[in-house]
Amino acid sequence: MQFRKDINGLRAIAVIAVVLFHFNSAWMPGGFAGVDVFFVISGYLMTGIIISAIEKNSFTILNFYIARANRIIPALALLCLVLLSTLIFFLSPSEYQLLASHVASSISFLSNFVYWSESGYFDAASDEKWLLHTWSLSAEWQFYIIYPLILIMLRKLFTLGLIKIILVTTTGLGFIFGILASSRWPDSSYFLLHTRAWEMMFGGIAFLYPISFSDRYKKVIECAGIVLILIAYIFITKYNSWPGYLAALPVFGSFLIIQANRGDSLVTGNFIFQKIGAWSYSIYLWHWPIVVAISYFNFGGEFVYLGIGLSVLLGYLSNRFIEKIKFRTTFKSPASYFTSKPLYISLLLCIFGFFAYHNTNLLYRLPATVYSGVTLDENTDDNGEYTWELHKKLNRVISFEEDKTKVLIIGDSQAGDFLNILYESNRLDNLSVISRIVYTRCRSVLLENKLFEKMLTENSYELSTSDTLNCLKSTENILNSTLLAEADFVILSMNWYDEYLPFALESIKNVREINPNSKLIIVSGKSFTQKVPLMYFQAYKNEISLNNFAAGKVSEEKGIHYSYQHNYFSKFALEFDYSYLNLLDIICTSEECRVSDSNDQLFYYDKTHLTELGASHFGDSIEIKTIFSSDI
């Protein structure tokens, strides 16, 4: 297709937003919508290439795939190779193992499925994933695979006019489906093609239905498109369902700019935007690993500006020396397609990624017992499932057993850990225990609507609509049941956050109003600033005792400051008639925190959650030390 300066400038508008959002989301809260702009551009260009070639009877599906591989794979492969070869000197084995798996999924264009299965795009763990941003390349590549096949099939059956109608109808249905799916299944809707295809197809509609405007109206149409995109960038946040109905703003805005077709625009056609647009793919590739590096190595805020500059520089160099390499695009026979170098590059990196994932210790050469410890995670021995299994089981129980001590435990995964502690200490036999799940993102356990809204407002804390409804529903179900009034013991166990502690007191008031006679116990969190397996690796490298090393890693960071929380909950215990159980007092002294046994078997599989062995260790210690055991 003929080069269009306006589309190249639109790429700059997209990548600038994404880069600013990732380096500091406060600068451009909706900057992630730049990806949606990229999708529209891609749909427009791909539809033009495919339809034009089909009309000339010159379209070859394999040539199309090879052309896309030539465009995407070399720069991506370089990034993956650089990360694999350099980060082995800095990452722990488990982190490198994760990186290797992500390289394999990224270069095989399946990473959107992998990241969907792991967590949400905006989750805290997202800044630990060096190739998270490649999800969009995977979704785009999957579109490239499927879309031309569909167009070829439709062209054999229908006229071009009818194909246009089918595509418009399908795009509209895809948009409606995206609205419904993004609120019900937010993670899969964000990452997967089924809710993103309509955005690319909308770009295709711009090609199939070109509109000619006079120069006067072109400016108006372009301005309208830019305004819609800027509204999305500035006023949409990560807490909005995405890609829901609001995705129409950047998508339709991009559509209008493409339709305006202003090659002489001061906005899209200026020198700076033309350069950034030309480098946009490589800038996009390199910027996210730099964002992750700033976080991982704890660089200061001033490095953000350096990171942005470095992203542009590396983007330029990648475009200049990698993207401009001319790879073979025409092939005389089916067998000759196997001479395509980008395909071999992709295959080799994919194989190495799988090899490194399954054989990481060949690179690190750690003793077997150490390696098993430093690679411990939520999937090892189903640790993640263990945290939640009993909590979810007891969450389904609807009434207490008679003639037993009635215990109601409310909270998030910390409540799950506490339940496991009780279970492993064999303390549940004479108890009738029921749990109720209130997730960490709710920030408190028992706030009615007005107080919940006040908490969000005072702390400038945003939740998606679905999360807000779920939090309120969880609280409503607990407050409206008879369980709270019937319980002999009420236990609140959460991953408490400093700024929300006043609202924890409001939750305590609600408990006391409903059940003034119960024994109320507040259970602390027990987090460290680093994952315990990572601490184990660092302690081993530095020949330090893990338990001594862990003593300096108790969370005292802003947001979860345990000295502050201990003092706060202790201060109000008498006034509000509750007992405060500080779990860290059980395992920590000024010299050490017992996060492993004498054989270096770990009690934690991440920063805050316990293995079965860890729950058993806490259970044994609580039986001797805590007021909870003596009261029951």
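Before reading further, recall that the structure is shown in the block above.
Just so you know, these numbers come straight off a predicted model, no measurement behind them. (Residues numbered from 1 in each chain as written. Predicted model: local features only at pLDDT ≥ 70, side-chain atom pairs only at ≥ 80, totals over all residues. Heavy atoms only, no water.)

Student: An account of a negative patch on the surface is requested, with residue identities and associated values reported.
Tutor: There is a patch of like negative charges on the surface, built from Asp381, Asp382, Glu385, Glu389 and Glu612. Counting through the fold element by element, Asp381 comes out in the loop between α16 (368-374) and α17 (383-395). You can call Asp381 exposed: its relative accessible area is 70%. (Patch = residues over 30% accessible without salt bridge, like charges linked within 9 Å, V, L, I, M, F, W, Y side chains within 5 Å. Areas by Shrake-Rupley, 256 points an atom, 1.4 Å probe, with all protein chains shown as cover. Salt bridge = Lys/Arg side-chain N within 4 Å of Asp/Glu carboxyl O. Lys, Arg positive; Asp, Glu negative; His and termini not counted. Charge placed at Lys NZ, Arg CZ, Asp CG, Glu CD. Helix = DSSP H or I, 4+ residues; strand = E, 2+ residues; numbered from the N terminus. Buried < 20%, exposed > 50% of the residue type's maximum accessible area, 1.4 Å probe, protein only.)

Student: Pulling in residues and values, what's your account of the side chain of Asn319?
Tutor: Along the polypeptide, Asn319 turns up in helix α13 (residues 303-323). Within polar-contact distance, the side chain of Asn319 engages the backbone oxygen of Ala278 at 3.1 Å. Apart from residues lying up to four places away in sequence, Asn319 is in contact with Ala278, Trp279, Ser282 and Lys324. (Polar contact = N/O pair within 3.5 Å; in protein donor to acceptor, adjacent residues only side chain to side chain. Contact = heavy atoms within 4.5 Å.)

Student: How would you summarise the packing of aromatic side chains if you had to cite specific residues and measurements?
Tutor: According to the stated counting rule, one finds 38 aromatic pairs in the structure shown. Aromatic pair Tyr364 and Phe537: ring centres 6.0 Å apart, planes at 80 degrees, arrangement edge-to-face. With a gap of 173 residues between them, Tyr364 in helix α15 (residues 361-364) and Phe537 in helix α23 (residues 532-541) connect regions that are remote in the sequence. For the pair formed by Tyr364 and Phe537, the shared burial category is buried. Note on Tyr568 and Phe569: the rings are 6.3 Å apart at their centroids and 90 degrees apart in plane angle, and the pair reads as edge-to-face. Feature note: the residues Trp496, Tyr564, Tyr568, Phe569, Phe572, Phe576 and Tyr580 constitute an aromatic cluster, connected by ring pairs. The ring of Phe64 is capped by Arg68, whose NZ or CZ atom sits 5.2 Å from the centre of that ring. (Phe/Tyr/Trp six-rings, centres within 6.5 Å; stacked < 30°, edge-to-face > 60°. Lys NZ or Arg CZ within 6 Å of the ring centre and 35° of its normal.)

Student: Requested: an account of the environment of Ser282, with residues and values cited.
Tutor: Mapped onto the secondary structure, Ser282 falls in helix α12 (residues 271-296). Between the alpha carbons of Ser282 and Asn420 there is a distance of 48 Å; along the sequence they are 138 residues apart. Dropping the residues within four chain positions of it, Ser282 is found in contact with Ala75, Gly315, Ser318, Asn319 and Glu323. A polar contact of 2.7 Å, which involves the side chain of Ser282, links it to the side chain of Ser318.

Student: Talk me through the state of the cysteines; I want residue IDs and the actual numbers.
Tutor: By the definition in use, this model includes 2 disulfides. Residue pairing for Cys442: its cysteine sulfur links by disulfide to Cys471, the two sulfurs lying 2.0 Å apart. Residues Cys442 and Cys471 are joined by a disulfide whose S-S torsion is about -90 degrees; by sign, that bridge is left-handed. Residue Cys442 is found in the loop between β2 (431-437) and α19 (449-458), and its partner Cys471 is found in helix α20 (residues 465-479); the two are separated by 29 residues along the sequence. Residues Cys442 and Cys471 agree in their burial class; the two are buried. Two residues share a disulfide in this structure: Cys588 and Cys593, whose sulfurs sit 2.0 Å from each other. An S-S torsion of about 115 degrees defines the bridge between Cys588 and Cys593 as right-handed. In this structure Cys593 comes out as buried when scored by relative accessible area, which is 1%. (Disulfide = S-S within 2.5 Å.)

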